[in-house]
Amino acid sequence: MANTYTFQDPTVNAYLNHDGFSDCVFCVHWRLVGTSSQTDSEGNKYTASVYGTINLDLSNLDPSTYVAKDDLTKTIVNNWAKAAIGDSEVAALKAGLKENIDSQITPTTETFAV
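A few points on the structure.

Thresholds, definitions, all that
- Residues numbered from 1 in each chain as written.
- Predicted model: local features only at pLDDT ≥ 70, side-chain atom pairs only at ≥ 80, totals over all residues.
- Heavy atoms only, no water.
- Helix = DSSP H or I, 4+ residues; strand = E, 2+ residues; numbered from the N terminus.
- Rg over C-alpha atoms; globule rule 2.2 N^0.38 Å.
- Phe/Tyr/Trp six-rings, centres within 6.5 Å; stacked < 30°, edge-to-face > 60°.
- Buried < 20%, exposed > 50% of the residue type's maximum accessible area, 1.4 Å probe, protein only.
- Pairing = 2+ DSSP bridges.
- Salt bridge = Lys/Arg side-chain N within 4 Å of Asp/Glu carboxyl O.
- Contact = heavy atoms within 4.5 Å.
- Polar contact = N/O pair within 3.5 Å; in protein donor to acceptor, adjacent residues only side chain to side chain.

### A short note on the overall build of the protein
So, step 1. Each helix and strand counted, the protein has two helices and four strands in total.
So, step 2. Listed N to C, the secondary structure of the protein is β-β-β-β-α-α in terms of helices and strands.
So, step 3. Over its C-alpha atoms the protein spans a radius of gyration of 18 Å, topping by over 25% the 13 Å that the globule rule assigns to 114 residues.
So, step 4. Along the first, second and third principal axes, the C-alpha set of the protein runs to 60 × 30 × 25 Å.

Spelled out as structure tokens, the structure:
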């Protein structure tokens, strides 16, 4: 069983003007989704997700690498989020999603009404 992990559908907060840059993104609201290749009895893949918000470092904005609002893509914004979160924390998030998916596939608890 293999899991895939994808950052999806980010949204951003931007300053209208920051140090001469217009529509300057300072915050990313991100979502990381883990999807198993294994399916349940109805054919649905097991999934888990985690989301958060990360502020970007605006201390060294460079006009030569600045991305204008009209040029932003999900990939660019997700890469900013991943870089700001850091490799070790992204790995920890993926490990948590894997545990969640594993517990869906092989439950160790149950919930029921009495």
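### Examining the packing of aromatic side chains
So, step 1. This structure, assessed with the given rule, holds three aromatic pairs.
So, step 2. Plain terms: the ring middles of Phe21 and Tyr66 are 4.6 Å apart, the flat faces sit at 40 degrees to each other, and that makes the pair tilted. With Phe21 in strand E3 (residues 21-39) and Tyr66 in the loop between strand E4 (45-55) and helix H1 (74-85), this residue pair connects regions lying 45 residues apart in the sequence.
So, step 3. Look at Tyr66 and you get partly exposed, because its relative accessible area is 24%.

### Thoughts on the pairing of E4
So, step 1. Two elements, E3 and E4, share 10 bridges in a ladder whose sense is antiparallel. The residue of E4 that forms the bridge with His29 is Thr53.
So, step 2. Turn length for the E3-E4 hairpin, with the two strands adjacent in sequence and antiparallel, is five residues, and the turn residue Gly43 shows positive phi of about 85 degrees.

### Observations regarding the pattern of salt bridges
So, step 1. For the coordinates displayed, the defined rule picks out two salt bridges.
So, step 2. For Lys74, the salt bridge goes to Asp9, with nearest N and O atoms at 2.9 Å. Taken together, the residues span a long stretch of sequence, with Lys74 in helix H1 and Asp9 in the loop between strand E1 (3-7) and strand E2 (11-18) at a distance of 65 residues.
So, step 3. A salt bridge links Lys98 to Asp102, with the nearest nitrogen and oxygen atoms 2.6 Å apart. Of the two residues, Lys98 and Asp102 are both situated in helix H2 (residues 87-105); the distance of four residues between them amounts to about one turn of the helix.
So, step 4. Residue Lys98 is classed as partly exposed on the basis of its relative accessible area, which comes to 38%.

### What about the side chain of Asn78?
So, step 1. Inspection of the secondary structure puts Asn78 in helix H1.
So, step 2. Note on Asn78: relative accessible area 7%, which makes it buried.
So, step 3. Not counting residues within four places of it along the chain, the set of residues in contact with Asn78 comprises Phe7, Gln8 and Pro10.

### What to know about the side chain of Asn3
So, step 1. Structurally, the position occupied by Asn3 is in strand E1.
So, step 2. The class for Asn3 is buried, based on a relative accessible area of 18%.
So, step 3. Of note is the side chain of Asn3, whose polar atom sits 3.2 Å from the side chain of Tyr5.
So, step 4. Other than its neighbours up to four places away in sequence, Asn3 contacts Thr35, Ser36, Lys98 and Ile101.

Keep in mind these values describe shape, not function.
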